[in-house]
Structures are given as C-alpha cells and as structure tokens.
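As a plain string of letters, each chain reads:
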Amino acid sequence: MPPAGNAERGPRSDRWDEHDENMEADRNETRPLERVLSPFLAAFPPLGIYRFELLAEESLMLPAYSGSAWRGLLGSALRRTVCVTRQSRCDGCLLLGSCVYSTIFESPAPDRSERGHSTAVPHPFVLAVAEREPGEIDRGDSFGFGLQLLGSANAALPYLVHAIAQAGGRGI
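Model, not experiment: these values are computed from the prediction.

J.: Describe helix 5 (residues 157–170), with residues and values.
T.: Relative to the 20 Å expected for 14 residues at 1.5 Å per residue, helix 5 spans 20 Å between its end C-alpha atoms, a close match to the ideal helical length. Every buried residue belonging to helix 5 is among Leu157, Leu160, Ala163, Ile164 and Ala167, and all of these are buried. Each buried residue of helix 5 sits inside an arc of 120 degrees when the element is viewed along its axis, so together they form one side. In this structure, helix 5 carries Pro158 and Gly169 as exposed residues pointing more than 90 degrees from its buried face. Where helix 5 is buried, its residues meet strand 1 (47–55), helix 2 (67–82) and strand 5 (142–150). Of the residues trailing helix 5, Gly171 is marked for its positive phi of about 105 degrees.

Listed below in structure tokens is the structure:
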C-alpha cells in the first residue's frame, strides 16, 4: 500500500485533472472580454422585469387608461405597508432617504449639486399596462400588469409584492 498522499492516480483522476485544466483555460479566455465590458456594464444599473397576474374574484370595470389607476393603487398600498411615521406627507420626514415608499414614488434627489434645479430624480420604476378598451373584467378572468424596476429599486420587490397582495385583499 502506498503511503498517504502518494496514492497512485487512476484513469478517472487523470480525466478530472484534464477537465479542470480545460475549465481554467475557458475562464482565462473570457476574462479579457469581462475586463473590456465591465466599465460599460457598471454604467447601467440592473433592470428587473416582473409580471403580476391577478384573478378577478368579482367583476370590475377598468377605465380607458388604467395605468394611472394602477400607479395610484400601488403607491397607496406601498405607503400603507411601509410608512412607520404615518405622516400625511413625506417632506421633512427623517426617514425620507431610506424609506422604500419615498425611494420608489417620491424619488428625492440626493444632493443639490448633483440635481441642478430639480427637487426629484426620475422614478426608478415603469408600469407596463396593456392597452385595452375600457370595460368589464368578468369574475374568474385574469388580468395584470408588468413592473420594471431599475437599479437599487429591485431590492424593494418584496415590499411591492406584499403591497400588491394587500391591495388585492382590499379590492381593486
């Protein structure tokens, strides 16, 4: 029996060593591409694309453009879900910079020097609502919307999912 650490190598271990060498060579070949692209990719924040499908528990009527209704529903449900101060307005709130609601719906500008004359930056979300004729959604029909979150707003997804569930429970 050979001493420990000096074991003979069989054909299987040779194949695995060769496999490991090939994997390392593949990784080294892609690294130059990663190095070239990384500054460009870092300039673009991550984009999360989500789809919410809902089931009508009772009939409901949608307006001609339901996007503003969805935005209002989502905003009020999110605020009810996350606001701990229960102030009527976000202005002056001590939590303004760290609150999920204000980050998504108020989008305060971080610093006057970075924002110029604006008091807010663009909201980090897009609602994608299907264009449809205003009309009734029958009980049992499915309907929904898309939500695209940009950058750090993706971290708010669990809060948004919860807010949508709460809104559905209250009635849309």
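J.: Tell me about unusual backbone geometry, and name the residues and values.
T.: Non-glycine residue Arg86 carries a positive phi angle of around 60 degrees. Mapped onto the fold, Arg86 is located in the loop between helix 2 and helix 3 (100–106).

J.: Any chance you could break down the pattern of salt bridges for me, citing the residues and the numbers?
T.: Counted according to the given criterion, the structure contains 2 salt bridges. Here Glu53 ties to Arg51 by a salt bridge, and the two come within 2.9 Å at their closest N and O atoms. Here Asp91 and Arg89 are joined by a salt bridge, their closest N and O atoms 2.4 Å apart. Of the two residues examined, Asp91 and Arg89, each falls in the exposed class.

J.: An account of the pairing of strand 3 (residues 125–128) is requested, with residue identities and associated values reported.
T.: The two faces of strand 3 differ: Phe125 and Leu127 on one face are buried, but Val126 and Ala128 on the other face are not. Sheet analysis places strand 3 next to strand 5, joined by 4 bridges and oriented antiparallel. Within strand 5, the position partnered with Phe125 by the bridge is Leu149.

J.: Explain the nonpolar core residue by residue, including any values.
T.: If you look at the biggest cluster of nonpolar residues, it comprises 31 residues, and the most contacted ones within it are Leu78, Ile104, Leu127, Phe145 and Leu147. Elements with a minimum of two residues in this core: strand 1, strand 2 (60–62), helix 2, helix 3, strand 3, strand 5 and helix 5. Once you skip the residues sitting within four places of it in the chain, Leu127 turns out to touch Gly67, Trp70, Arg71, Leu74, Phe145, Gly146 and Leu147.

What counts, and at which threshold
Counting restarts for each chain: residues are numbered from 1 in the order of the written sequence. The predicted origin of the model limits local features to residues at a pLDDT of at least 70 and limits the giving and counting of side-chain atom pairs to 80 or more, whereas totals for whole chains, interfaces and linings rest on all residues. Side-chain metrics in this entry use all non-hydrogen atoms of the structure; hydrogen atoms and water are not considered. The helix count covers DSSP runs of H or I at least four residues long, the strand count covers runs of E at least two residues long, and both are numbered beginning at the N terminus. To estimate the expected span of a helix, subtract one from its residue number and multiply by 1.5 Å. Note on exposure labels: buried denotes an accessible area under 20% of the residue type's maximum, exposed denotes more than 50%, and partly exposed covers the range between, all computed with a 1.4 Å probe on protein chains only. Think of it as the arc spanned by the lines of direction from the helix axis to the C-beta atoms. Contacts are assigned to residue pairs that have any heavy atoms within 4.5 Å of one another. Salt-bridge detection follows one rule: a side-chain nitrogen of Lys or Arg within 4 Å of a carboxyl oxygen of Asp or Glu. Strand pairing follows a simple DSSP-based rule, namely that at least 2 bridges must link the two strands. Nonpolar cores were defined as sets of buried Ala, Val, Leu, Ile, Met, Phe, Trp, Tyr and Cys residues, with membership established by side-chain atoms within 4.5 Å.

Keep in mind that these numbers describe shape and distance, not what the molecule does.
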